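Overview (structure and organization)
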Amino acid sequence: KNQVEQSPQSLIILEGKNCTLQCNYTVSPFSNLRWYKQDTGRGPVSLTIMTFSENTKSNGRYTATLDADTKQSSLHITASQLSDSASYICVVSGQNAGNNRKLIWGLGTSLAVNP
Amino acid sequence: ETGVTQTPRHLVMGMTNKKSLKCEQHLGHNAMYWYKQSAKKPLELMFVYNFKEQTENNSVPSRFSPECPNSSHLFLHLHTLQPEDSALYLCASSRGLPGLAGRSYEQYFGPGTRLTVT
């Protein structure tokens, strides 16, 4: 069964600290993996998209890694800011029976950055 | 802003009411989507439109009726909803469908409509 699991479910850190969020998936065949940031009361906004051949991708203070062999990804946030408080959602693109791409969404990690 | 707007932002309706959600994208995209986001659940894809034609309906109850008059506008007509339909309804658009080989079209989301059914 295609699944995306994220950990931790929630996380509280102090402003300026770093943190790492995890995503494990069982989607097969794999096409790409995305990380989204969703602020409270807003829609998700894409941070990174990674394909099979990419190990690391950065977007400012956000760095995503992908290990396609172990089917794991992580999102590392450096020097956190109060505005980083949000839900971070991992999404994996697979293929359904009709050979079309299908997005499998994780539940997200809720991050709170405190002053 | 993402270029995708949704109205209203909040909606409270009774189970016998009829209401509509509106989504408009200013990005020149061809594909539009409706998602449902409930607490403690992943995003659920409801409908997909490509060039105004519905390409996907994920077993959504008929009390939800989508309409796509053109590539820039998408509506979700609601009638005789149930309390369990209360959720955040998100609209998204992308340049193309993610089904094309070798393509990973990014989806841009609107802010959502927070729907409460009483």
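Now for a look at the structure at hand. All of these numbers come straight from a predicted model, not from anything done at the bench. (Residues numbered from 1 in each chain as written. Chains lettered and ligands numbered in written order. Predicted model: local features only at pLDDT ≥ 70, side-chain atom pairs only at ≥ 80, totals over all residues. Heavy atoms only, no water.)

Topic: the overall build of chain A
The condition that has to hold: Helix and strand labels come from DSSP, where a helix needs a run of H or I of at least four residues and a strand needs a run of E of at least two; each type is numbered from the N terminus. The atom set for the radius of gyration is the C-alpha atoms, and the globule formula is 2.2 Å times the number of residues raised to the power 0.38. To sort residues, take the accessible area from a 1.4 Å probe on protein chains only and compare it with the maximum for the residue type: under 20% means buried, over 50% means exposed, and anything in between is partly exposed. Only heavy atoms matter for contacts: two residues are in contact if any of them lie within 4.5 Å across the pair. Asp and Glu count as negative and Lys and Arg as positive, but His and the ends of the chain are not part of the count. Here the site of a charge means NZ on Lys, CZ on Arg, CG on Asp, or CD on Glu.
Along its length, chain A carries zero helices and eleven strands. The N-to-C order of helical and strand elements in chain A reads β-β-β-β-β-β-β-β-β-β-β. The C-alpha radius of gyration of chain A comes to 14 Å, within 12% of the 13 Å expected for a compact globule of 115 residues. Each of the three principal axes of chain A carries a C-alpha extent, and together these read 50 × 30 × 20 Å. When the 115 residues of chain A are sorted by exposure, 45% land in the buried category. Across chain A, every contact between residues at least 6 apart in sequence was considered, and the portion connecting residues at least 24 apart equals 55%. If the 10 positive side-chain charges of chain A are averaged to one point and the 7 negative ones to another, these points end up 7 Å apart.

Details of the pattern of salt bridges
In plain terms, the rule: When a carboxyl oxygen of Asp or Glu lies within 4 Å of a side-chain nitrogen of Lys or Arg, that pair is called a salt bridge.
Applying the stated criterion to the full structure yields four salt bridges over all chains. One salt bridge connects Arg61 of chain A with Asp84 of chain A, and the closest N-O pair in it is separated by 2.8 Å. Taken together, the positions of Arg61 of chain A in the loop between strand 6 (56-59) and strand 7 (62-67) and Asp84 of chain A in the loop between strand 8 (72-77) and strand 9 (86-95) put the pair 23 residues apart, joining distant regions of the chain. Judged by its relative accessible area of 24%, Arg61 of chain A is partly exposed. Residue Asp84 of chain A is classed as buried on the basis of its relative accessible area, which comes to 1%. The partner of Arg63 of chain B in a salt bridge is Asp85 of chain B, and the shortest N-O contact between them spans 2.7 Å. On the criterion of sequence distance, the pair formed by Arg63 of chain B in the loop between strand 6 (53-57) and strand 7 (64-70) and Asp85 of chain B in the loop between strand 8 (73-79) and strand 9 (87-94) is long-range, its members being 22 residues apart.

What to know about unusual backbone geometry
Note that the residue after Ser7 of chain A, namely Pro8 of chain A, is joined by a cis bond; omega there is -10 degrees. Among the structural elements, Pro8 of chain A can be located in the loop between strand 1 (4-7) and strand 2 (10-14). Pro8 of chain B follows Thr7 of chain B through a cis peptide bond whose omega is -10 degrees. Within the secondary structure, Pro8 of chain B is located in the loop between strand 1 (4-7) and strand 2 (10-13). Located in the positive-phi region is Lys40 of chain B, a residue other than glycine, with phi close to 65 degrees. Looking at where Lys40 of chain B falls in the secondary structure, it is placed in the loop between strand 4 (31-37) and strand 5 (44-50).

Brief notes about the interface of chain B and chain A
The condition that has to hold: Definition of a polar contact: a pair of N or O atoms within 3.5 Å, with one able to donate and the other able to accept a hydrogen when the atoms are protein atoms, and with sequence-neighbouring residues admitted only if both atoms are side-chain atoms.
Listed by partner, the interface residues are 26 residues for chain B and 20 residues for chain A. Our enumeration of links across chain B and chain A arrives at zero salt bridges. Between chain B and chain A we count five residue pairs in polar contact (both at pLDDT 80 or more) in total.

Details of the state of the cysteines
Note on terminology: a disulfide is the covalent bond linking the sulfur atoms of two cysteines. Basically, it comes down to this: Put simply, a disulfide is two cysteine sulfurs that come within 2.5 Å.
Under the counting rule described, the total for this entry stands at two disulfides over all chains. Here Cys23 of chain B engages in a disulfide with Cys91 of chain B; their sulfurs sit 1.9 Å apart. Sign of the S-S torsion, about -70 degrees for the bond between Cys23 of chain B and Cys91 of chain B, identifies this disulfide as left-handed. With Cys23 of chain B in strand 3 (residues 18-25) and Cys91 of chain B in strand 9, this pair connects stretches of sequence that are 68 residues apart. Take Cys23 of chain B and Cys91 of chain B: they sit in the same class, and that class is buried. In this structure Cys19 of chain A is a free cysteine whose sulfur lies 15 Å from that of Cys90 of chain A, the closest cysteine sulfur available. Taking relative accessible area as the criterion, Cys19 of chain A reaches 6% and is therefore assigned buried. Looking at the unpaired Cys68 of chain B, the closest cysteine sulfur is the one in Cys91 of chain B, lying at 9.0 Å. Owing to a relative accessible area of 11%, Cys68 of chain B belongs among the buried residues under this scheme.

Observations concerning the pairing of strand 4 of chain B
All names here are of chain B. Here is the rule we go by: Only when DSSP finds a minimum of two bridges between them are two strands counted as paired.
Judged by how many residues are buried, strand 4 sits mostly within the fold: seven of seven residues are covered. Alternating residues of strand 4 divide into Ala31, Tyr33, Tyr35 and Gln37 and Met32, Trp34 and Lys36, and every residue in both groups is buried. Alignment of strand 4 against strand 5, held across six bridges, turns out to be antiparallel. Residue Tyr35 lies in a different strand from strand 5, and its bridge partner there is Leu45. Taken together, strand 4 and the strand that follows it, strand 5, pair antiparallel across an intervening segment of six residues, in which Lys40 is found at a positive phi of about 65 degrees. Of the pairings in the sheet, the one linking strand 4 to strand 9 comprises seven bridges and is antiparallel in character. If you follow Gln37 over to strand 9, its bridge partner there is Leu88.

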